[in-house]
Structure formats: C-alpha cells, structure tokens
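Report on the structure
Listed here are the chains, written in short residue letters.
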Amino acid sequence: MGVNIKGGNNSVGLVNVSSNYELQVVTPQTEADAGFVQISTEMDAGDVLGTRTVLPPECSDDYRLRVGLDQTLFNASFEGTAILTTTYSQLLTTATVAQANGFLTLNNGSSTTSGHAAYVRTYRHFPTFGTYPTYLDMWIREVGPTSTNVISEWGFLYITAQATQQPIDGIYFRRASGGALYGVVSNNSVDIATTTAINVTNVPSRDGVGSFDPTESNHYLIVYHNDVARFWINDVMVAELACPAANAQFTASSNTPVGFRVLNTGAVSPTARQLSVGFINVGFGDQNVNKPWSHALCGMGAGAYQLQQGNTPGPTVTRASGSAGHPASGTARIAGTWTATSAPALNNLGGLWTSPAMSTLASDADYPVFAFLNPAGTAALPGKTLYVTGVRVGEAYVSAAASTNSMLLSYILMVGASASTTSTLDAATTVSGKSICIGGHGFTATETVGNYKPGFEMDFDSPLMVPAGHYFIFVVRPFGTVTSNTLVVTSSLAVNGYFE
C-alpha cells in the first residue's frame, strides 16, 4: 500500500522532504552505525538492448581500486589522395578504392557487377590479452546501405580471397543484403556468433541532430576481450556477444588486422554500395603498458624512416641509385658538385653519400649533404613533428687516394631551419638551423683506396625536434688544406626517430 511521507520541519524523529518533493537522506556519520553502499557504473542506458548494462568497480586484494590506463596502438586518418601502401593492403576484384576528402572509399567506382569486391586491411595485426579489452573506433559513412545482392563489413576482419571468402577471423559489423546490420564473430572461417539484426531505432545521430542515418559519418566502436564483445554506434551499445563455451577466445588467432570490405554477391540493385572510412583508432585498455610513446608511434607507421600520410608512399632514406630501390632519382652518391651552404642538400633523411675530391671544396665551409624537409601541414597533409632520437655515421671509406695534406671531415646536425641553406638567419619569417657537432673522421695525406675509418653513433636522451615545414640537415665541414688534395670519401648516415 502507499505511504505518505511529509516534511518533518526539522522536528526530532521526523524526516525532511525538499521543496522538490525529494526525501532528504544523510548516511550515518558514526562509523559503528554505518551500513554499506553498493557502487556500480552504468556502461549503457539500454536504449537499444532494453536493459541497462551495469558493472561494479573492481579492487585488488590490497584494497586498491583497479584503474585503467589506456594505450593507443594505432591511429590513422586519410588526408590527401595517396593511399599509404606501406600501411594498408588492398585486395581488389575489379572494384576500386580511392582516397579523397578525408575518406578512404571502397568501391568508389560504384560497381554493381556480381563478383566485384574491394577489401582493404592493415598489414599490422592487433592483439587481445585475456580480460584486458581491445578497442577499435571507426568513423564511417555508407552509400547504398539498403541495396540488395551486396554485403559490406568493417572491424577486425581477416580475409585472403576478397571476392569469394567467408571471413577467416574477425569481430566486425556486417551490413547484409537489403540493409540489416549485424555484429558478427568469425573463427577459422565459421561465424561462431552473430547478433540478431541490430535495432537502430533509438540510436542517435552522431551530432545529436535528427536520427541515426548510415549515409552520414557515424562513430562505430568494437570492444572485446576473451569473454565478451560489445558493439557500439554513436556511444550507444547496440549488441553484445558472449564467447561460446567451446572457445578459449573469439577468433582462431589472438591477433587480427583491421579490415573493410564491400562484396557484390549478385547484380546489385538499385544502387552501388560504398563504404567510406574516415578515421581509425585501435587502443588497449585497463593495463599500464608502459610502452614508450616513440614505440607506440612507430607501431602506427610513424617511424622516421617512412613518409607520412598525404605523401606518395615510400621511405625517407636514399640508397645507391634508382635501380637499387627507393628513391627513383638522384642520391648523395651521384650528387655532382658540392656548393658551400647550399648543395647537394638532398631531400632525404640520411642514406649513402660520397664527397667530391677535397680539392674542389673550401676549408672550414659547410656543405649540407642531406636536407630533409619535414612536410608542412596542409588540408591534404597532416603537419607532423619529427623527433630524432639518434644518428649513426657509418664507416668512412677512402674511394680515391689522398695527396698533399691530412684532412678532418667534421659532421654537424642542424635542426629546425626554415630553409635548406645553412646560412639561413633568424628573422620574422625565417628560422636558422640549430647546430650540434656529432663527431668526425680524420684522414692522413697518404690514405690509399680501401682504407676506412670506424663509424660512430650518438643517442639523444632529449630528442632533436623538427617542426612541420622545417629541415633536418646533415652537414659535412672539411678542415685542413684542401688545395690539390685528391681524397674522396664514401660514408653513410642513419637517422632514428619518429613522427608525431
């Protein structure tokens, strides 16, 4: 039966009620009289699943609250028009893939022909560790989501035959023929768990205006560990799958790539289906990984040895010639005339180099051998900071004998210059390179071909920082009398670091 509670007006033995008709409750202030309060956190309000998902906080045996420290494993956007072939594998059956306007679009040619397929996946595979969750965030928009005779899939997805194959391994969203959306788990080429069709009626739009529309850019999230996989759209949980009791984990392999596929299973009608991927982030949760940030960034494909998003894919480092691999044009080994303060200044982050005869140079003058321009940021190319954590100058080989005088080749790094010339000054719109002397090689007047000097390296506990639009310059400066000296030296430079 109903009980009426009225305000006690602060009278002894009577409870008070606020002006908003709320019972005013204060827990006991005396420890001996205190009861217990159960604390839980709401993961999801149940707008789609119908029931709230609530979990309790967890404490260790030492009464410490378990606190998650997430670690980003992979982060990718799609500026520019050049697909990073160093990061993504493209398996195509006639259907095409293109990158433009901040999206990587599968089936951008709008194929409706049966058997055509486009599958893009990361070369890198991502792990799961027991009960520590792995997160995959994806920002995606679709074209033709209700078309028939076509499926599209996105998430952790591994396939080797894009046009015919049931996914080998994966935890992913699947847009079926006709438009129904599912959460799916595949293990060893079998779907071991599939949700009923996801009901998106109560899923909001990403920006909160109107209702969910798959043709808009929406935020899809997959969170899983060995026991449960959860699927989210725009911060609402839309599906939950438990790992079957017969399996130790969801997928046959504990490491799976991020992948995206559009497959025409028949003659598509009424319009072609496309899948446009705008952003990806993979994270690892609830464990203090202590992975150095430089390691994390290099794992994302941001090592100093490779070009970044928006550029033509390739390395930043020269080798000997176009026929020997990247790059396809001039290198420091065939650089021609060296000019004080300005040349050869090749746009490479290290590599092989050969000096001209010392007699063609000036003593105590700067010769910039490599002048790598860290690309300036644009709408099509993200401006990233280059951190140099170490360098190694290779063995110096005498490729033409010396004569007349002894020589010292001093090696200098200049970072942060706004131009490739070493004489650039600090001014309102220019920045000079800041120099660090890292060592040198000495040669006698009787050096013969085949002699060499040991290489050396230097690590920077405080990294050298090169902003976007500025230069990393490797300078060779000769000391000694250069007149009539026929010495020619071949050596190399290796640069360790990462882009952020």
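Residues numbered from 1 in each chain as written. Predicted model: local features only at pLDDT ≥ 70, side-chain atom pairs only at ≥ 80, totals over all residues. Heavy atoms only, no water.

In this section: the overall build of the chain. Summing up its helical and strand segments, the chain has 1 helix and 27 strands in all. The C-alpha radius of gyration computed for the chain amounts to 31 Å, which surpasses the reference 23 Å derived for 500 residues by more than 25%, pointing to a less compact arrangement than a globule. In the chain, once contacts between residues fewer than 6 apart in sequence are set aside, the share between residues at least 24 apart is 70%. Carbon together with sulfur atoms contributes 52% to the accessible area of the chain, which is approximately 23400 Å² in total. Charged side chains in the chain number 21 positive and 32 negative. The centres of these two groups are separated by 8 Å. (Helix = DSSP H or I, 4+ residues; strand = E, 2+ residues; numbered from the N terminus. Rg over C-alpha atoms; globule rule 2.2 N^0.38 Å. Contact = heavy atoms within 4.5 Å. Areas by Shrake-Rupley, 256 points an atom, 1.4 Å probe, with all protein chains shown as cover. Lys, Arg positive; Asp, Glu negative; His and termini not counted. Charge placed at Lys NZ, Arg CZ, Asp CG, Glu CD.)

Okay, a nonpolar patch on the surface next. A grouping of Val15, Leu23 and Val25 is seen on the molecular surface, where their side chains present a nonpolar patch of about 280 Å² in accessible area. Tracing the backbone shows Leu23 in the segment before strand 1 (41–44). (Patch = residues over 30% accessible without salt bridge, like charges linked within 9 Å, V, L, I, M, F, W, Y side chains within 5 Å. Salt bridge = Lys/Arg side-chain N within 4 Å of Asp/Glu carboxyl O.)

This part is about the pairing of strand 12 (residues 190–194). Direction of pairing for strand 11 (residues 181–187) relative to strand 12: antiparallel, over a ladder of 4 bridges. If you follow Asn187 over to strand 12, its bridge partner there is Val190. Counting the residues that bridge the hairpin from strand 11 to strand 12 gives 2 residues, and of these Asn188 lies at a positive phi of roughly 55°. (Pairing = 2+ DSSP bridges.)

So, on to the layout of surface pockets. Taken as a whole, the largest pocket holds about 730 Å³ of empty space. Around the largest pocket, the lining is made up of 21 residues, and of these Met43, Leu55, Pro133, Tyr135 and Asp286 lie nearest the centre. Every element with two or more residues in the lining of the largest pocket is listed here: strand 1, strand 13 (218–224) and strand 14 (228–233). Residues that form the lining of the largest pocket fall into these classes: 13 nonpolar, 4 polar and 4 charged. As for the second largest pocket, its lining consists of 18 residues, of which Asn75, Ala76, Met300, Gln308 and Lys384 are closest to the centre. When contributions to the lining of the second largest pocket are tallied by element, the ones reaching two or more residues are strand 3 (71–77) and helix 1 (293–299). (1 Å grid on protein atoms, 1.4 Å probe; cavity = no way out; pocket = protein on both sides within 12 Å on 5 of 7 lines; lining within 4 Å. Points joined across faces, edges and corners; volume = space filled by probe spheres on them. Nonpolar A, V, L, I, M, F, W, Y, C, P; charged D, E, K, R; others polar.)

Tracing the backbone shows His116 in the loop between strand 6 (103–106) and strand 7 (117–127). His116 sits in the buried class, given a relative accessible area of 16%. Side-chain polar atoms of His116 contact the side chain of Ser111, separated by 2.6 Å. Among all residues touching His116, those that are not within four sequence positions of it are Thr93, Thr94, Ala95, Ser111, Val262, Leu263 and Asn264. (Buried < 20%, exposed > 50% of the residue type's maximum accessible area, 1.4 Å probe, protein only. Polar contact = N/O pair within 3.5 Å; in protein donor to acceptor, adjacent residues only side chain to side chain.)

Okay, the side chain of Glu153 next. Mapped onto the elements, Glu153 comes out in strand 9 (residues 148–158). Those residues in contact with Glu153 that lie beyond four places of it in its chain are Ile159, Pro167, Tyr172, Phe173, Arg174, Gly259, Phe260, Arg261 and Leu275.

A few words on the sheet that holds strand 19 (residues 367–373). One open sheet holds the 4 strands; their spatial order is 19-26-22-23, and the pairing between them is antiparallel. The open sheet has two edge strands with one neighbour each: strand 19 and strand 23 (434–443). Recorded for the sheet is a direction-independent mean angle of 15° between the axes of neighbouring strands. In the sheet, strand 22 (residues 407–417) pairs with strand 23 via 9 bridges, with the strands oriented antiparallel. (Axes fitted to C-alpha atoms, helices over the stretch in contact; angles between N-to-C directions.)

Grouped together as the largest cluster of nonpolar side chains are 94 residues, with contacts concentrated most on Phe173, Phe260, Ile280, Phe472 and Phe474. Residues within four places of Phe472 in sequence aside, it is in contact with Leu349, Phe370, Ala371, Phe372, Val388, Val391, Leu413, Met414, Val415, Val466, Leu493 and Val495. With 8 residues, the next largest nonpolar core counts Ala345, Ala371, Tyr471 and Ile473 among its residues. (Core = buried A, V, L, I, M, F, W, Y, C linked by side-chain atoms within 4.5 Å.)

Turning to the sheet that holds strand 7, a few remarks are in order. The 7 strands lie next to each other as 4-7-16-9-10-11-12, forming an open sheet whose pairing is antiparallel. Strand pairing shows two members of the sheet lacking a second neighbour, strand 4 (88–93) and strand 12, which therefore form its edges. Each neighbouring strand pair of the sheet contributes to a mean axis angle of 25°, computed without reference to strand direction.

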